[in-house]
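Residue-level structure breakdown
Okay, here's what each chain looks like letter by letter:
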Amino acid sequence: MRNIAALTFVTLDGVMQAVRLPDEDRSGGFTSGGWAAEYWDPVMEQVQKEAMAEPYDMLLGRKTYEMFSSHQDASMNDGHVYVMSSGNPEPVWPNTTFLSGDAVSEITKLKNQDGPILQIHGSWQLIQTLLLADLIDEFRLWIFPVIVGAGKRLFDCNVETATLKLVKTAPTGNGAIMSVYRKPH
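Thresholds, definitions, all that
- Residues numbered from 1 in each chain as written.
- Predicted model: local features only at pLDDT ≥ 70, side-chain atom pairs only at ≥ 80, totals over all residues.
- Heavy atoms only, no water.
- Helix = DSSP H or I, 4+ residues; strand = E, 2+ residues; numbered from the N terminus.
- Buried < 20%, exposed > 50% of the residue type's maximum accessible area, 1.4 Å probe, protein only.
- Contact = heavy atoms within 4.5 Å.
- Areas by Shrake-Rupley, 256 points an atom, 1.4 Å probe, with all protein chains shown as cover.
- Lys, Arg positive; Asp, Glu negative; His and termini not counted.
- Charge placed at Lys NZ, Arg CZ, Asp CG, Glu CD.
- Pairing = 2+ DSSP bridges.
- Axes fitted to C-alpha atoms, helices over the stretch in contact; angles between N-to-C directions.
- Phe/Tyr/Trp six-rings, centres within 6.5 Å; stacked < 30°, edge-to-face > 60°.
- 1 Å grid on protein atoms, 1.4 Å probe; cavity = no way out; pocket = protein on both sides within 12 Å on 5 of 7 lines; lining within 4 Å.
- Points joined across faces, edges and corners; volume = space filled by probe spheres on them.
- Nonpolar A, V, L, I, M, F, W, Y, C, P; charged D, E, K, R; others polar.
- Salt bridge = Lys/Arg side-chain N within 4 Å of Asp/Glu carboxyl O.
- Arc of directions from axis to C-beta.

1. Details of the overall build of the chain
In terms of helices and strands, the chain carries 4 helices and 8 strands. Starting at the N terminus and walking to the C terminus, you meet the elements of the chain as β-α-β-α-β-β-α-β-α-β-β-β. Principal axes of the C-alpha set define a box for the chain whose edges measure 40 × 35 × 35 Å. Each of the 185 residues in the chain was classed as buried or not, and the buried ones make up 44%. Excluding contacts between residues fewer than 6 apart, the proportion of contacts in the chain whose partners are at least 24 apart in sequence is 64%. Here the chain has roughly 9,500 Å² of accessible surface; of this, 50% comes from carbon and sulfur atoms. Distance from the positive charge centre (15 side chains) to the negative charge centre (22 side chains) of the chain: 4 Å.

2. Describing the sheet that holds strand β5 (residues 117-121)
One open sheet accounts for 8 strands, arranged β4-β3-β2-β5-β1-β6-β8-β7; its pairing is mixed. Two strands bound the open sheet, and with one partner strand each, they are β4 (96-99) and β7 (165-171). The sheet shows a mean angle of 20° between the axes of neighbouring strands, direction not considered. As paired strands, strand β2 (residues 56-61) and β5 are joined by 4 bridges and run parallel to one another. Among the inter-strand pairings, aspartate 57 is bridged to a residue of β5, identified as leucine 118. Packed on one face of the sheet, helix α3 (residues 103-111) meets β1 (4-11), β2, β3 (81-84), β4 and β5 and runs near 165° to β3. Packed on one face of the sheet, helix α4 (residues 124-132) meets β1, β2, β3, β5 and β6 (138-144) and runs near 105° to β2.

3. So, the packing of aromatic side chains
In this description, a pair of aromatic rings is defined by centroid distance and the angle of the planes. For the structure shown, the criterion picks out 7 aromatic pairs. Taking the centre distance of 5.4 Å and the plane angle of 90° together, the rings of phenylalanine 9 and tryptophan 40 count as edge-to-face. Here phenylalanine 9, found in strand β1, pairs with tryptophan 40, found in helix α1 (residues 40-50); they are 31 residues apart in sequence, far enough to count as distant. The pair phenylalanine 9 / tryptophan 40 is uniform in exposure class, with both members buried.

4. Quick look at the layout of surface pockets
Here the idea is plain: a probe the size of a water molecule rolls over the atoms and shows the empty space left. In this structure, the largest pocket spans a volume of roughly 1,100 Å³. Around the largest pocket, the lining comprises 39 residues; the ones closest to its centre are Thr64, Met67, His121, Gly122 and Ser123. For the lining of the largest pocket, the secondary structure elements donating two or more residues are β1, α1, α2 (62-71) and α4. Looking at side-chain class alone, the lining of the largest pocket contains 17 nonpolar, 16 polar and 6 charged residues. Considering only enclosed or pocket space, the second largest pocket measures out at about 300 Å³ in volume.

5. Brief notes about the pattern of salt bridges
The full count for this structure, using the stated rule, is 12 salt bridges. One salt bridge connects aspartate 137 with lysine 111, and the closest N-O pair in it is separated by 2.3 Å. Within this pair, whereas aspartate 137 is found in the loop between α4 and β6, its partner lysine 111 is found in helix α3, the two being separated by 26 residues in sequence. Here arginine 182 makes a salt bridge to glutamate 138, at a shortest N to O gap of 2.6 Å. Within this pair, whereas arginine 182 is found in strand β8 (residues 177-182), its partner glutamate 138 is found in strand β6, the two being separated by 44 residues in sequence.

6. Comments concerning α1
Looking at α1, one finds that the buried residues are Trp40, Val43, Gln46 and Val47. In a view along the axis of α1, the buried residues occupy a sector of 135°, so they form one face of it. Those residues of α1 that are exposed and aimed more than 90 degrees away from the buried face are Asp41, Glu45 and Lys49. Looking at the buried residues of α1, the elements they touch are β1, β6, β7 and β8.

See the structure below:
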């Protein structure tokens, strides 16, 4: 059985929308895009060391897949990329599988397979769906010393109360903090 980890960059007030680029996601009238840009390099060094050094497969929503594939190459991950999508777009990266239908059912099947951890990158809508289904085992959060007010929040849905265990924390040296929380099993 595989674990699912949400690897997410959030502001101090919990917003995860439009992290790096001003025009990344303007949905809902969001105008604070690019709030993490000045912190980016030291945070990404830590992300590479702490969350991407071990084998993993990526789990993305279609919008995040399209954004990642236009800005990054497939070398960021040697594993498989699973994309939850209602359509059937052309794969940009090798080793990509598009999943359709009921997200909870499809991802539960993936979770029940053998393989490396499934890391969700970005993919706000997918995270909300998996939170409601209680399918996320770990939260790999990078919390930035930024407050933006409005925007898509990591815990935007009405999830049940849960207690998590802090398994690792470290500053980046520029004000951002890594915190890894895991569900007790």
